[in-house]
Every structure is written in C-alpha cells, then in structure tokens.
Amino acid sequence: MVDYLYSRNTEDASSLKNALLYFREDCTETECNVSTGSWGCLVTVGKPYPHVPQYEDSQYILLVLGGALPADVSTIEQGRNDFDIPQWLLAQMTTGKINWQNDLFGAFQVVLIDKVSGQLTVTTDIASFVPGYFILTDEKKSSNSVFYGSHADAVALAAGVNSAIDKTSIAEFLVYQTTTYPYTFYQTVHQLPPACITTCAAGNVSYQHYWQPVEKKKHHSVQEEASQLRNIIARHVQAIEQFNGPLTIFMSGGEDSRVVISALPKTKKHQAVTLSDSYNREAKIAQKVSAINTVDWQLVTRSVSHYLDHARRSVKLSESHNLFYHAHFHGFTDLEYKKPVIGGLMADAFCKGSHAMYKRVYNIATERLLENWVYIGTSKKYPVSSDLNIKASQRREQRNNDLKEMRPVSWAEWHSLYPATMNTNVTNYFVNRRLYFSYEPFADAQVVTWSASVNAHDKINRKLFHLAMKPLLESTRFIRHGKGIFPYWGTWFNGPLLTVVLFARKVILKLKKKLNIPVVNEGAWPIWKEVVGTAKFQELSSFQSPSERQHAENLLGGELLDLVEKSMRDKDPVQALAGLQIKLWVESIEQKCSK
C-alpha cells in the first residue's frame, strides 16, 4: 500500500509530498506522513501492511514496503500475531545478523535511515518485486541533491527532471512493452539493483549484492526439487494466513490459484474472488474449486471499457514504463478490501519455465537452441530510427552479456526474470500491492533461488511443478483448467488433450459465427480487440486540440510521436494499448507542468 520518497534536502518535503499524491490518486492527504531532520526528509503515502508499520526510535526510521514475513516462525515464538516484525528486523539489521536471502518470505523493499549519521540504506528483494529508484543530480550544485523512492515517475517529478525523457526507453517500450533494466522513461532516474543493499552516506553510494542467479551444477534429484518447492509454497501460504487471518484469494480457472487455495489452512473463513466478463467457463471452474475447498466465492464482472475507464489512474499507479493493461483489479471500489489478498502470480515464470527457450509439438515443449531465441514483442512491425534502434539494441545486448556471465546456459530465460521488472506481467503485482495488502507466494526469494538452482529442462512441461503440487491438486483432480486440461494429470496426458480441445473450440467458434450464435468470452481476461474497438479508446487515443498534440511533439519529438500515433492505430491491441500508455503519460506530465 505504501510508496515513499526520500531526499537529503529537508526543503524538498513539500515537493516530495505533492509528487506522491499526484501519482497516488487512490490516497488522501491524511494518509501522507512527513518526517524531517538533519538527515533529510522521508515522505510516505498509503497504509503499511498490518504487521509492518513504520517504526521510529531515537536513532532509526525503518520503513518496509510489501508484506515481508519472517521465514522461520520458530524464530518468532510460533508466529504470534503480536510479534513486532519491524523491531525484530531492525535488530537483525543493526547487529548484522540478517540473511536477506533466507530470513524473509515475500516481496519487499526495506528503507533504514540512521538519523544520527544520516546514512540511508535501501534493501531490495531478490528480484525487485518491489523496485526502488534513485537519482543523483548536481543541478542544485549540492551534495544534498539525492532522491530515492519506490515510484519512478514520482522520483522524476520531485527532482524536477520529469521533462528530461529517455527516448530510447520509450521507443523500446513501444517495441517490446518493457524497458531494459536499469532504465526508465527518464534520463537520470534509474532502478536500484535487485537483491542488493544500497547505502548512501554523505552523497557516496555503495552496493552490496547479497544474491545473484549464478548457474550452478545440479545437486538434487527431481523428486527432491519438487519436494522443496511444495514445502516452500506451503510454508509461505501458512505464514501469510497466520499473520493476517482470513484472506481473499484472487481465483481464476487455472492451476496456480488452485494450488494456493488448496494450500491454505481451512481453520479460517476465507473468500475467493474471480474477475471475468460474465459468469463464464472461467468463473464456473473457479466456483467449483472454491466450493471443494469450502471457501466462499464471489464473481466480479467488468464492462468492455473497464480498463479504459480507469486508464489514466492505472498508468499513474503502474508507473510509466509498466504496461497498464495488467492493472486487472484496479477500479473496483467494492474490492478495496478489508481482507489481505493472495494469488498465484509468477508461478509460470519461475516454476514452469515459461520464459525458457522451447518449441511445442502437440502442446508438449521441447528445448531449442538459444540461437533461435528472439525478443518477444512487435519489433518487426515497428522499426524506429537507426539511432534509437542501435541504442536500444546495445542496452539489451549489455543486459544479456551480464546475464551470460551469471548463467551461460539459461541466460535467455532469465532475461525476463532478473529483475522481475523486465517481465511485463509483474505489473499486476505493482498495482495490487498499492491497492491491497497483496501477497504472491510465488514471488518470493526462496522460490526464485529454487528456480535458479534447477534445470530449465525440468521446469518445462510442468514437470517439476506437477510433481510438486500434485498432492494439492488431488481434491480437484476431475475439474478442468480453463484451457480444458486437467491440472492433476501430467503433460503427456494433457498435451495431446489440449491439442484436441483447442481444435474443437476453434471449430465451434467458427460455427457459432457462421450461424450468428452469440459468442461468449469464456476466458479470464477481456478480448483486447473489443477493448480497443470501443468509443472510449477512440476518445482517449485522440488529441483533443492542436496544442495538446504540439506539447506531445515538444516532449517526444516528431519521430517518436509518429510511432505513438501509429501504435494506437495498430490492429494488434497490445501495441495499440502501449501507444495509448505513452500518450496518457505525456498528458500527465503536461497537466503537472501547467499547474
């Protein structure tokens, strides 16, 4: 729920507060907290997770973003609900006993300010599921010109550099829907390293990496690796429930949320929520799984224009370089819960090798050579100028070279995993953790280290995941996945089955269209072509006046603006939405500059 900005200059307090409130429209001024002293100023907005409130004593301020939990409940006297996690964490940090890789469950960013020495320490989680950003600028000709924060656009606005845009990053976003780490849409705002302790003292910055995904020789059997994963998820889910009580499960017709709901202890009254266009196949499957697990179920439906109705706020919440159409649960005021929420995000990425290099034969994956790997995106359709293209390619090549040093064999898989900000799907969590007390058991240090330690070959085809989670899927073994497979059974059964199901559904769809029978969207997400075909999209994607378009051209330049407009007219709905994101972001800069 919390975002923060930090500056060494106490005079920046007002600009920090205004910047946060501008991008966090879901928060009010009463949810804004300002702390100042000789050490600088810290501004936060939003509510902290219930068990990690901001802590302050005579020497330290400790701020925890995300729902970090102690991984070893025996350390905290059987996980008492009244256990003070901030004080325990502060003691571990100041005595040098903290092991960031193993001591905490979940996504986090920890900010520690020593009010006596003025030292700032920012620790990011293992894959930057809660990313941090910084800017060191000498514009004010002062060593105090240091800005840190958890929201890239707010950092840029507070530092007054939001008009100094990075055109290479914007072009790259339009092509691939991501920007290469550590870049953002601003020339001087960069992302903090993942799995890193960043220390800033008297303007000097140092970095200490506590983990990197170094490729090592495998030491465990497949059975042992599967058992490890099952135990990690079970312990994490139980810890989340232990500290929070009843939970809300974001439930789909897939297998990942099914694993989570099955792993939950049944001693408390949980609730499942499914988001879809209607009471369709996806919803009916989620309802059945919830009933078997004795969990109350609720359906939340959305209109075809839902994502567009909230697009401006979603762009601000997700940050400019993260594609807003992953803000699935934004805009449902009745869902802004009392209960913490839990889901199955990132299971595909870290447990099933969804980013490994393979091809499919009858929906069974087989590995392929890295030479065949290409970036996922729309680059072939949108060549940009040679200068921007060369710069973007150089950035990606440099990132790949860094990964090759750590993972000579599976570097291409980890291109979209380390940090997680390179994975466009994680935007879902970036938004959810701002709106809800959100937990994702698969977005966790122990899951990431497990993923880095096992062979990609054993992750594809759900091999390890299926072996690990089969006991949790037994109670729903006869309930289909939304795709038509049965998660309880392995790929050698489900692969050919999926081939038949997809063919049958394609035939039925053609027949319905031919016979003018209404076609229902049976999936979890909207039909994006219908979304960009609405009048709302046309309204949002059109410049309302020549002066508005001129401002966009002044900021982006003619070539980049042409690419944005071409993107918004594209038949590929994802490309069109990426173009819309840039337009709405430019609008947000214009609106702030005009005030």
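Residues numbered from 1 in each chain as written. Predicted model: local features only at pLDDT ≥ 70, side-chain atom pairs only at ≥ 80, totals over all residues. Heavy atoms only, no water.

Colleague: Lay out the pairing of strand S2 (residues 32-37) in plain terms, naming residues and giving numbers.
Modeller: Looking along a regular strand, one sees side chains alternate from face to face of the sheet. Where S2 lies against strand S3 (residues 40-45), six bridges are found, and the strand directions are antiparallel. Along S3, the bridge assignment pairs Asn33 with Thr44. Following S2, the chain reverses through two residues before pairing antiparallel with S3. (Pairing = 2+ DSSP bridges. Helix = DSSP H or I, 4+ residues; strand = E, 2+ residues; numbered from the N terminus.)

Colleague: Would you mind going over the sheet that holds strand S5 (residues 60-65) in detail, with residue names and values included?
Modeller: Judged by pairing direction, the sheet is antiparallel, and its six strands sit side by side in the order S4-S5-S8-S9-S13-S14 without closing on themselves. Whereas interior strands pair on both sides, the edge strands pair on one side only; in this sheet they are strand S4 (55-56) and strand S14 (204-209). Two elements, strand S8 (residues 109-114) and strand S9 (residues 120-124), share five bridges in a ladder whose sense is antiparallel. Residue pairing across strands places Leu112 opposite Thr121, the latter belonging to S9. Docked against the sheet, helix H2 (residues 85-94) engages S4, S5 and S8, running at close to 115° with respect to S5. (Contact = heavy atoms within 4.5 Å. Axes fitted to C-alpha atoms, helices over the stretch in contact; angles between N-to-C directions.)

Colleague: Can you break down the sheet that holds strand S18 (residues 341-342) residue by residue, with the values?
Modeller: Strands sit in the order S17-S16-S15-S18-S21 across an open sheet of five strands; the sheet is parallel. Here the strands that pair on one side only, and so sit at the sheet edges, are strand S17 (296-301) and strand S21 (438-439). Here three bridges tie strand S15 (residues 248-250) to strand S16 (residues 271-276), and the two strands are oriented parallel to one another. Considered in S16, the bridge of Ile249 is made with Ala272. Contacts from helix H7 (residues 281-292) reach S16 and S17 within the one sheet, and its direction differs from that of S17 by about 165°.

Colleague: Tell me about the pattern of salt bridges, and name the residues and values.
Modeller: Using the criterion set out here, one finds 27 salt bridges in the structure. Among the ionic pairs, Asp3 bridges to Arg433, the shortest N-O distance being 2.9 Å. Separated by 430 residues along the polypeptide, Asp3 in strand S1 (residues 3-7) and Arg433 in helix H13 (residues 427-435) bring together distant segments of the chain. Comparing Asp3 with Arg433, the two get one shared label, buried. Between Glu553 and Arg549 there is a salt bridge whose closest N-O contact spans 3.4 Å. Taken together, the positions of Glu553 and Arg549, both in helix H20 (residues 546-556) and four residues apart, correspond to about one turn of that helix. A single network of salt bridges, built from pairs that share partners, joins Asp3, Arg24, Asp26, Glu319, Arg433 and Arg434. (Salt bridge = Lys/Arg side-chain N within 4 Å of Asp/Glu carboxyl O. Buried < 20%, exposed > 50% of the residue type's maximum accessible area, 1.4 Å probe, protein only.)

Colleague: Residues and numbers for the side chain of Asp114, please.
Modeller: Positionally, Asp114 belongs in strand S8. A polar side-chain atom of Asp114 sits 3.3 Å from a polar atom in the side chain of Gln59. If we skip the residues at most four places from it in the chain, Asp114 touches Trp39, Gln59, Tyr60 and Gln119. (Polar contact = N/O pair within 3.5 Å; in protein donor to acceptor, adjacent residues only side chain to side chain.)

Colleague: Just give me the short version of the environment of Arg302, but keep the residues and values in it.
Modeller: As for its position among the elements, Arg302 is in the loop between S17 and helix H8 (306-309). For Arg302, a relative accessible area of 7% puts it in the buried group. As a C-alpha pair, Arg302 and Val501 span 199 residues in sequence and 27 Å in three-dimensional space. Among residues more than four places away in sequence, those in contact with Arg302 are Leu275, Ser276, Asp277, Tyr307, Phe332, Ala524, Trp525 and Pro526. Only 2.5 Å separates the side chain of Arg302 from the backbone oxygen of Ala524, close enough to count as a polar contact.

Colleague: For H2, give the residues involved together with the corresponding values.
Modeller: Of all the 10 residues making up H2, seven are buried; the element is thus mostly covered by neighbouring parts of the structure. Buried within H2 we find Ile85, Pro86, Trp88, Leu89, Leu90, Gln92 and Met93. On its buried face, H2 is in contact with S4, S5, strand S6 (69-70), strand S7 (104-105), S8 and helix H5 (222-244). The positive-phi residue at the C-terminal boundary of H2 is Gly96, with phi of around 75°.

Colleague: An account of empty space enclosed by the protein is requested, with residue identities and associated values reported.
Modeller: All chains considered together, the criterion is met by three cavities of 30 Å³ or more. Lining of the largest cavity is provided by 13 residues; of these, Thr179, His321, Asn322, Thr421 and Met422 occupy positions nearest its centre. Looking at the lining of the largest cavity, its residues break down into four nonpolar, nine polar and no charged. (1 Å grid on protein atoms, 1.4 Å probe; cavity = no way out; pocket = protein on both sides within 12 Å on 5 of 7 lines; lining within 4 Å. Points joined across faces, edges and corners; volume = space filled by probe spheres on them. Nonpolar A, V, L, I, M, F, W, Y, C, P; charged D, E, K, R; others polar.)

Colleague: How would you sum up the pairing of S9? Please name residues and give values.
Modeller: Where burial is concerned, most of S9 is hidden: five out of the five residues are buried. Every second residue of S9 is oriented toward a common face, with Leu120, Val122 and Thr124 on one face and Thr121 and Thr123 on the other, all of them buried. Hairpin connection of S8 to S9: five residues between the antiparallel strands, including Gly118 at a positive phi of 85°. Both S9 and strand S13 (residues 196-201) contribute to a ladder of four bridges, which runs antiparallel. If you follow Val122 over to S13, its bridge partner there is Thr198.

Coordinates in, geometry out; function isn't part of it.
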